[in-house]
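Below, each chain spelled out in residue letters.
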Amino acid sequence: MPKDDALDRELVRQRVVEWFSRHRRDLPWRRSTPWGVVVSEFMLQQTPVSRVLGPWQEWMDRWPEPDDLAAEEPGAAVAAWGRLGYPRRAQRLHRAARTISELHDGQVPRELDQLRALPGVGQYTAAAIHSFAFGGRAVVLDTNIRRLLVRVEHGREFPPVSATAQEWREAEAWLPEAPAEAAAWAAASMELGALVCTARSPRCGDCPVAELCAWRAAGYPRHDGPPRKGQAWHGTDRQCRGVILDLVRQNPDGVRVELALDAWADREQAERSLAGLLTDELVREREGLLVL
């Protein structure tokens, strides 16, 4: 597809949004409050939808409004985070709830600059909340959308590892002017990337814009950039931290420090990981016991 052809871009948008109207997943945060969208965006960072569905509902049942979470201690948020991974996100979500409660009368702000000022909210998350919660016009650029656009427009299998300034500019060029249409495009393009234009097994036969795709027209050339490496997990400090944190989470009355360190075979790594958890205030030491 010629990348400067505005008519083709419009055609792609129309087809993707129409596809979305028939194939969109019935995700609970899509029919929730702005706070429900905020919670989902924090949980979905580096975590697949299938693992978020249950915890999201549990959080919304327990803390249906920002004020409800803000009234709790941070340890309650970390404990409820469970096995979603990257528990700092729970801390940041708790801090965001307190900011919303204290500075915005308990209502999620809708303006991009106000959203960006919330703890744990960066450029992407602010845009996603503005778009998905309020139907606003913002460049939402996640991994799925980046992959879709680089294939359709540039004929490459994968985008760079990290989003570039050029990608943000090009994504802006794809965005319709009308806020409602921009929000629809953001949701639809993300869904198409997640379900059809996938990283490992793209289902091009089910794609509504296959005949407009530059990657397909070029014969599906393989990625020729730096090797794409998965994140290591087994044996890492991150896994060790998770083991210790799970032990503390499962024992709300506290865990002896020695018992927590014995939960990991490498004593030096366990001590280093526990020190990191204490520094990050994900666990606290009280009278020889580790608590949340």
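In the annotation of an unreviewed UniProt entry, the entry for the protein chain reads Adenine DNA glycosylase, and the organism field reads Luteococcus peritonei. Looking at the protein chain in UniProt, the text filed under Sequence similarities (unreviewed entry) is "Belongs to the Nth/MutY family." UniProt's Cofactor (unreviewed entry) comment on the protein chain is quoted here verbatim: "[4Fe-4S] cluster".

**Notes on the overall build of the protein chain**
Counting its regular elements, the protein chain contains 15 helices and three strands. With the C-alpha coordinates aligned to their principal axes, the bounding extent of the protein chain is approximately 70 × 45 × 30 Å. Per-residue burial over the protein chain gives 46% buried out of 292 residues. Within the protein chain, contacts between residues at least 6 apart in sequence are counted, and of these 63% link residues at least 24 apart. Carbon and sulfur atoms form 50% of the exposed surface of the protein chain, whose accessible area is close to 15000 Å². Treating the 39 positive side-chain charges of the protein chain as one cloud and the 42 negative ones as another, the clouds have centres 5 Å apart.

**Concerning the pattern of salt bridges**
A complete count under the given rule lists 16 salt bridges for this structure. In this structure, Arg15 and Glu211 form a salt bridge, with 2.1 Å as the shortest nitrogen-oxygen distance. Within this pair, whereas Arg15 is found in helix α1 (residues 6-23), its partner Glu211 is found in the loop between α11 (179-195) and α12 (214-217), the two being separated by 196 residues in sequence. By relative accessible area, which is 28% here, Arg15 ends up partly exposed. Taking the shortest distance from any N to any O, the salt bridge between Arg222 and Glu157 comes out at 3.3 Å. A residue pair is termed long-range when its members are at least 10 positions apart, and Arg222 in the loop between α12 and α13 (237-249) and Glu157 in the loop between α9 (143-154) and α10 (165-174) qualify at 65 residues.

**Some details on unusual backbone geometry**
Even without being glycine, Asp105 reaches a positive phi, approximately 55°. Among the structural elements, Asp105 can be located in the loop between α6 (88-103) and α7 (112-116).

**Some words on the sheet that holds strand β3 (residues 289-291)**
The strand order across the open sheet formed by three strands is β1-β3-β2, and the pairing between neighbours is antiparallel. Each end of this open sheet is capped by a strand with a single partner; those strands are β1 (255-256) and β2 (284-286). When β1 meets β3, the two strands line up antiparallel, connected through two bridges. Bridge pairing in β3 places Val255 opposite Leu290.

**Thoughts on a negative patch on the surface**
Together, Glu65, Asp67, Asp68 and Asp105 give the surface a local cluster of negative charge. Of the residues examined, Asp105 reaches a relative accessible area of 69% and is grouped as exposed.

**With respect to the confidence of the model for the protein chain**
As a general rule, the predicted coordinates of low-pLDDT regions are not to be interpreted in detail. Overall, the predicted model of the protein chain reaches an average pLDDT of 90, with 95% of residues at or above 70. Residue range residues 1-7 is modelled with pLDDT below 50. Its contacts to residues more than four positions away, or to other chains, number twelve contacts.

**Description of α6**
Residues that lie three or four places apart on an α-helix share one face, since the helix turns once every 3.6 residues. Between its first and last C-alpha, α6 extends 22 Å over 16 residues, near the 22 Å set by a 1.5 Å rise per residue. Inspection of α6 places Arg89, Ala90, Gln91, Leu93, His94, Ala96, Ala97, Thr99 and Ile100 among the buried residues, and these make up the whole buried set. Against α2 (34-43), α3 (49-62), α4 (66-70) and α5 (74-81) lie the buried residues of α6. In the stretch just after α6, Asp105 is the one whose phi turns positive, near 55°.

**Re the UniProt feature "domain: HhH-GPD" (unreviewed entry) in the protein chain**
Cross-referencing UniProt, the feature "domain: HhH-GPD" (unreviewed entry) maps to residues 43-195 in the present numbering. Across residues 43-195, the secondary structure splits into 65% helix and 0% strand, with the terminal C-alpha atoms separated by 19 Å.

Calculation notes
- Residues numbered from 1 in each chain as written.
- Predicted model: local features only at pLDDT ≥ 70, side-chain atom pairs only at ≥ 80, totals over all residues.
- Heavy atoms only, no water.
- UniProt positions renumbered as here; feature names shortened; annotations may be inferred.
- Helix = DSSP H or I, 4+ residues; strand = E, 2+ residues; numbered from the N terminus.
- Buried < 20%, exposed > 50% of the residue type's maximum accessible area, 1.4 Å probe, protein only.
- Contact = heavy atoms within 4.5 Å.
- Areas by Shrake-Rupley, 256 points an atom, 1.4 Å probe, with all protein chains shown as cover.
- Lys, Arg positive; Asp, Glu negative; His and termini not counted.
- Charge placed at Lys NZ, Arg CZ, Asp CG, Glu CD.
- Salt bridge = Lys/Arg side-chain N within 4 Å of Asp/Glu carboxyl O.
- Pairing = 2+ DSSP bridges.
- Patch = residues over 30% accessible without salt bridge, like charges linked within 9 Å, V, L, I, M, F, W, Y side chains within 5 Å.
- pLDDT = per-residue confidence, 0-100.
- Expected span 1.5 Å × (residues − 1).

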